[in-house]
Amino acid sequence: MTANAHQERPSRTELGRVLMAAGALSSDWAPAYARVPRSAFLPDLMWPFDMRAGKSVPVSKSSDPAVWQEYADSDVPIVTQWDDGTHTGTDPGKVSTSSASMPSVVFRMLKELDVSAGMRALEVGTGTGWNAALLAYRLGAENVVTVEVDRAVADAARTALERCGMPVRAVHGDGFAGYPEGAPYDRIIATCGLRAIPFAWVEQSQPRGVIVVPWGTHYGNGDAVARLVVADDRESASGPFTGPVEFMKLRSQRLSSVEHSEYVTGSVADREKSSTTITEDDFMGEDRFSPQRFAVGLRMRDCLYVMADKRDGARAVWFYGLNDRSWACVVFRDGDTASVWQSGPRQLWDEAEAAYRWWEAKGKPGHERFGLTVTAEGQTAWLDDPADSWPV
């Protein structure tokens, strides 16, 4: 089968119209969308996210081909591997570890990559291979390298790419190191969330090259897409965030589970209690992609927050220090002031409140006003001006 040898389906055609109307699918990527179907890269058994049920559900192509095809042609994320490949059975596993991203996210990031004929591109996180195939359609398979840390995932993607007439170099390896054998690259794109961007990617880029990567802090799972431009001297790469996303994390940068019992012993009520006038709606925002959560994460290093379910008009939000056993708990109550408890070397709620107040004083900026700079010494975040930055 080649990328061109597929039958156009009404649902897929309609999805293309929706993506174009929403501004996700640009006119220069429309031919690639039309010729390279996502369905050609999906496994027989997959776990698309059911928006109505709010969870991933198993769908088998062999037992229910119509439903399988419907999900393949929908703007939903699809899990293709659980638990680093140790999962068996049809029920979802514990942790999703490989997936096919929402087409709207895929094409927004490809649009930000701003490719043109003759460019060389490196992709980190092959997944199903669909993203690499789309790049190959635009640039030629010989100009695309994709790196995947999971051997089974890499092998499956390589098979799918070859079957579709896109013999991209699909490498089994650690994409954090890039792929120097194919450097220098005009464009680098990551399809996994990072907490630290390796300087190796800058070194393997052309001057004025572009790096597009989902990036965030350990504060929460929410990421934002950073679009970095490599300096002429290749001593740095810098650029703004373009909007919120959420991706599976680079395996070497996953955060280990935090055990509550290792932080909090005895009763929280035994600690000194204080209060805050900040409300839950103010501090947490509408959802996990709220700009204040992103901003607080940028200002609080080495901290994780966990939000509990709401009960009887009250919700607890916990903060855990990642380099010590500091913790804080704030309980927001409808129509009342919130109660605060803190313990350890860091006063984590005081830090969180200060970060929120800073964001508020700066005019409640959205993701797009923030940016990131990467150098050999590390990475810094900034608001509006790269000259006014701080380490993250």
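Residues numbered from 1 in each chain as written. Predicted model: local features only at pLDDT ≥ 70, side-chain atom pairs only at ≥ 80, totals over all residues. Heavy atoms only, no water.

(A) The overall build of the protein, seen in detail. Across its full length, the protein carries 11 helices and 20 strands. Taking 392 residues into account, the globule formula puts the C-alpha radius of gyration at 21 Å, and the protein, at 22 Å, falls close to it. Seen along its three principal axes, the alpha-carbon backbone of the protein occupies a region of about 70 × 55 × 40 Å. Expressed as a percentage of contacts within the protein between residues at least 6 apart in sequence, the contacts between residues at least 24 apart total 58%. By element, 48% of the accessible surface of the protein is carried by carbon and sulfur atoms, the whole surface being about 17,400 Å². (Helix = DSSP H or I, 4+ residues; strand = E, 2+ residues; numbered from the N terminus. Rg over C-alpha atoms; globule rule 2.2 N^0.38 Å. Contact = heavy atoms within 4.5 Å. Areas by Shrake-Rupley, 256 points an atom, 1.4 Å probe, with all protein chains shown as cover.)

(B) Up close: the environment of phenylalanine 176. If you trace the backbone, phenylalanine 176 turns up in the loop between strand 8 (169–172) and strand 9 (185–190). According to the relative accessible area criterion, phenylalanine 176 is partly exposed, its value standing at 29%. Apart from residues no more than four positions distant in its own chain, phenylalanine 176 is found in contact with Ala196, Pro198, Ala200, Trp201, Leu250 and Gln253. (Buried < 20%, exposed > 50% of the residue type's maximum accessible area, 1.4 Å probe, protein only.)

(C) Spotlight on the side chain of glutamine 253. The residue glutamine 253 is located in the loop between strand 12 (236–245) and helix 8 (260–263) in this model. Judged by relative accessible area, glutamine 253 falls into the buried class, the value being 10%. One polar contact links the side chain of glutamine 253 to the main-chain amide nitrogen of arginine 195, over a distance of 2.5 Å. Setting aside residues up to four positions removed in sequence, glutamine 253 forms contacts with Phe176, Leu194, Arg195, Ala196 and His218. (Polar contact = N/O pair within 3.5 Å; in protein donor to acceptor, adjacent residues only side chain to side chain.)

(D) Quick look at the packing of helix 10 (residues 291–299) against helix 11 (residues 348–361). Following both chains from N to C, one finds helix 10 and helix 11 inclined at 120°, their axes separated by 9 Å at the closest point. As summarised for this structure, helix 10 and helix 11 are arranged oblique, according to the angle between their axes. Read as a crossing pair, helix 10 and helix 11 show a hand that is right-handed. Of helix 11, the residues touching helix 10 (which contributes Pro291, Gln292, Ala295, Val296 and Arg299) are Ala352, Ala355, Tyr356, Trp358 and Trp359. Looking at the contact of helix 10 with helix 11 residue by residue, the classes come out as 8 nonpolar, 1 polar and 1 charged. (Axes fitted to C-alpha atoms, helices over the stretch in contact; angles between N-to-C directions. Parallel < 35°, antiparallel > 145°, perpendicular 65-115°, else oblique. Left-handed = near helix turned anticlockwise from the far one by under 90°. Nonpolar A, V, L, I, M, F, W, Y, C, P; charged D, E, K, R; others polar.)

(E) Focus on the nonpolar core. Within the largest apolar cluster, 57 residues are counted, with the highest numbers of intra-cluster contacts made by Ile197, Trp201, Ile211, Phe283, Phe319, Trp349 and Phe370. It is helix 11 that provides the largest number of residues to this core, a total of 7 residues. Not counting residues within four places of it along the chain, the set of residues in contact with phenylalanine 319 comprises Tyr219, Phe283, Cys303, Leu304, Tyr305, Ser326, Trp327, Ala328, Val330, Leu348, Trp349 and Ala352. Judged by nonpolar contacts, the second largest core, of 39 residues, contains Trp29, Trp130, Val144 and Val245. (Core = buried A, V, L, I, M, F, W, Y, C linked by side-chain atoms within 4.5 Å.)

(F) Up close: the sheet that holds strand 16 (residues 327–333). Reading across from one edge, 13-17-16-15-14 is the order of the 5 strands in this open sheet, with antiparallel pairing throughout. Each edge of the sheet is formed by a strand with only one pairing partner; in this case those strands are strand 13 (273–276) and strand 14 (303–307). In this sheet, adjacent strand axes meet at a mean angle of 25° when their direction is disregarded. By the bridge criterion, 7 bridges tie strand 15 (residues 314–321) to strand 16 in an arrangement that is antiparallel. Looking at the pairing, tyrosine 320 lines up with tryptophan 327 of strand 16. (Pairing = 2+ DSSP bridges.)

(G) The pairing of strand 10 (residues 205–215), seen in detail. Of all 11 residues making up strand 10, 8 are buried, and the element is well covered by its neighbours. In the sheet, strand 9 pairs with strand 10 via 4 bridges, with the strands oriented parallel. Considered in strand 10, the bridge of isoleucine 188 is made with isoleucine 211. Where strand 10 meets strand 11 (residues 223–230), 6 bridges bridge the pair, whose relative direction is antiparallel.

(H) Spatial organisation of the sheet that holds strand 9. Pairing in this open sheet of 10 strands is mixed, and the strands run 8-7-6-9-10-11-12-18-19-20 from one edge to the other. Strand pairing shows two members of the sheet lacking a second neighbour, strand 8 and strand 20 (389–391), which therefore form its edges. Between one strand and the next, the sheet's axes are offset by a mean angle of 20°, whatever the strand orientation. Of the strand pairs in this sheet, strand 6 (residues 121–124) and strand 7 (residues 144–148) are connected by 4 bridges, and their pairing is parallel. Bridging from a neighbouring strand, glutamate 123 pairs with threonine 146 of strand 7.

(I) Highlighting the environment of valine 59. Tracing the backbone shows valine 59 in strand 3 (residues 59–60). Not counting the four nearest positions on each side in its chain, valine 59 is found in contact with Asp44, Leu45, Met46, Pro48, Asp64, Val67, Trp68 and Tyr71.

(J) Structural view of the pairing of strand 9. Within strand 9, 5 of the 6 residues are buried, which leaves it mostly tucked inside the rest of the structure. In terms of strand pairing, strand 6 meets strand 9 through 4 bridges, oriented parallel. For alanine 121, the partnering residue across the bridge sits in strand 9 and is arginine 187.

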